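Structure at a glance
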Amino acid sequence: MPDSENYAVEQLFSVAGKTALVTGGSSGLGLIMAKGLLLNGASVIIASRSQEKCDLALKELEQYGDCAAIAIDVTDESGREKLVNLVDQKFGKLSILINNAGANWGAALEDYPDSGFAKVMDTNVNAVFSLTRDLVPCLEKAASADDPSRVINIGSMDGIHVPIVQRVPTFAYSASKAALHHLTRSLAVDIAHKHITVNAIAPGFFESRMTDYIFEHYKQDIEDDCPLHRVGKPEEIVGIVIYLASRAGAYTNGTVIPVDGGTSISKGKRDWTQ
Ligand SMILES: NC(=O)c1ccc[n+]([C@@H]2O[C@H](COP(=O)([O-])OP(=O)(O)OC[C@H]3O[C@@H](n4cnc5c(N)ncnc54)[C@H](OP(=O)(O)O)[C@@H]3O)[C@@H](O)[C@H]2O)c1
């Protein structure tokens, strides 16, 4: 193929024919990313704890392409084993792993429970490490030097700056996302020789179940604190995923990409501690 054809958007950003797993794909950003991949020709498995949410999501996603859903808990070893088996049986090889399932806990310092801190770290960091390790053989089968397999970790701008919404401190969440960003870099260095890249997306505020409460109470403040004065749109998450998963992103490795309208580099307008 001559060079100029390689530059066409349809070729450069294609994910058609790829196989993808999206953890936490039954709602919010995970559901959006699964839909974006399906609409662009990838086959997708989604996983989350609730059977009911998986069934509902699958009903919607099946309209767009080849999709399967499994109700498992990523923090549970036997759940991860079932998931790896499904990937192996359905796809045989995995081109794109999106570690998106996440948890949060907000409480004042004096009330912040050890169990809440542990749950957030377990979901947002430990499970990502274990699942990625266990899926490396499947990722390796789909990988080549020209078209590496991709691990995309969903971090957060809160792993870059100290969250501005200080009225509801989320100590474990920001610590877990900073850890996830650095885990991304260590894994990227470690498995690059297997032709697997590892990157993280650090979203700002997007509408989801996780942000329901905060949007209800503080949406105006959040918009005021974003240099672009708005929250993110679904297609802006799909766009970065398609970039990282396609040939356009094949040489991008070990990065953390903020998609936050500039919020993480902005001081913000108000003193949230007041
Ligand atoms: N929305 C934002 O503004 C924003 C900003 C920055 C980063 N993020 C990150 O984006 C990711 C998705 O969050 P979201 O905002 O879309 O929230 P969400 O709508 O609450 O989605 C979270 C998803 O993860 C699943 N999940 C949670 N714990 C799980 C577990 N232990 N095992 C398997 N699945 C699990 C949930 O389904 P079940 O309840 O069925 O398990 C759900 O599908 C998270 O990592 C979050 O930290 C979001």
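This is a predicted model, so every value here is computed, not measured. (Residues numbered from 1 in each chain as written. Predicted model: local features only at pLDDT ≥ 70, side-chain atom pairs only at ≥ 80, totals over all residues.)

**Observations regarding the pairing of strand β1 (residues 19-23)**
The buried count for β1 comes to 5 of 5 residues, which makes it a mostly enclosed element. Across the two faces of β1 the burial is the same, with Thr19, Leu21 and Thr23 and Ala20 and Val22 all buried. Here β1 runs beside strand β2 (residues 43-48); their pairing, made up of 5 bridges, is parallel. By the bridge assignment for β2, Ala20 is matched with Val44. The β-α-β motif built from β1, the intervening helix α3 (residues 28-39) and the parallel element β2 has right-handed crossover chirality. (Buried ≥ 20, exposed ≤ 12 C-beta atoms within 10 Å, placed from the backbone. Helix = DSSP H or I, 4+ residues; strand = E, 2+ residues; numbered from the N terminus. Pairing = 2+ DSSP bridges. Right-handed = clockwise from strand over helix to strand, strands pointing away.)

**Overview of the environment of His182**
Looking at the element boundaries, His182 is found in helix α7 (residues 171-191). Here the alpha-carbon distance between His182 and Gly159, two residues 23 residues apart in the chain, equals 9.7 Å.

**Let's talk about the packing of helix α6 (residues 114-142) against α7**
Axis separation between α6 and α7 bottoms out at 8 Å; the angle between their running directions is 15°. Taken together, the axis directions place α6 and α7 in an arrangement best described as roughly parallel. Remark: the crossing between α6 and α7 carries right-handed chirality. Every residue of α7 that contacts α6 at Gly116, Phe117, Val120, Met121, Asn124, Val125, Val128, Phe129, Thr132 and Val136 is listed here: Phe171, Ala172, Tyr173, Ser176, Lys177, Ala179, Leu180, Leu183, Leu187 and Ile191. In terms of residue class, the contact of α6 with α7 is made up of 15 nonpolar, 4 polar and 1 charged. (Axes fitted to C-alpha atoms, helices over the stretch in contact; angles between N-to-C directions. Parallel < 35°, antiparallel > 145°, perpendicular 65-115°, else oblique. Left-handed = near helix turned anticlockwise from the far one by under 90°. Contact = placed C-beta atoms within 7 Å. Nonpolar A, V, L, I, M, F, W, Y, C, P; charged D, E, K, R; others polar.)

**Quick look at unusual backbone geometry**
Here the phi dihedral of His195 falls at roughly 65°; this positive angle occurs in a residue that is not glycine. Along the chain, the position of His195 falls in the loop between α7 and β6 (196-203). Overall, His195 belongs to the partly exposed group, with 17 C-beta atoms counted inside 10 Å. A positive phi is found at His229, a non-glycine position, where the angle reads about 55°. On the secondary structure map, His229 appears in the loop between α8 (212-225) and α9 (234-245). Residue classification places His229 among the exposed positions, given that 10 C-beta atoms sit within 10 Å.

**Re the pairing of β6**
Counting buried positions along β6 gives 8 out of 8 residues, so the element sits mostly inside the fold. Bridge count between β6 and strand β7 (residues 256-259): 4 bridges; the pairing is parallel. Its bridge partner being in β7, Ala200 is matched across the sheet by Val256.

**Digging into the sheet that holds β1**
A sheet is described by the order of its strands in space; here 7 strands give the open sequence β3-β2-β1-β4-β5-β6-β7, paired in parallel fashion. Each end of this open sheet is capped by a strand with a single partner; those strands are β3 (67-71) and β7. Along the sheet, successive strands turn relative to each other by an average axial angle of 20°, direction set aside. The pairing of β2 with β3 spans 5 bridges and is parallel. In the strand pairing of β3, Ser48 is matched with Ala71. Along the sheet, α6 makes contact with β1, β4 (96-99), β5 (149-154) and β6, crossing β4 at roughly 170°.

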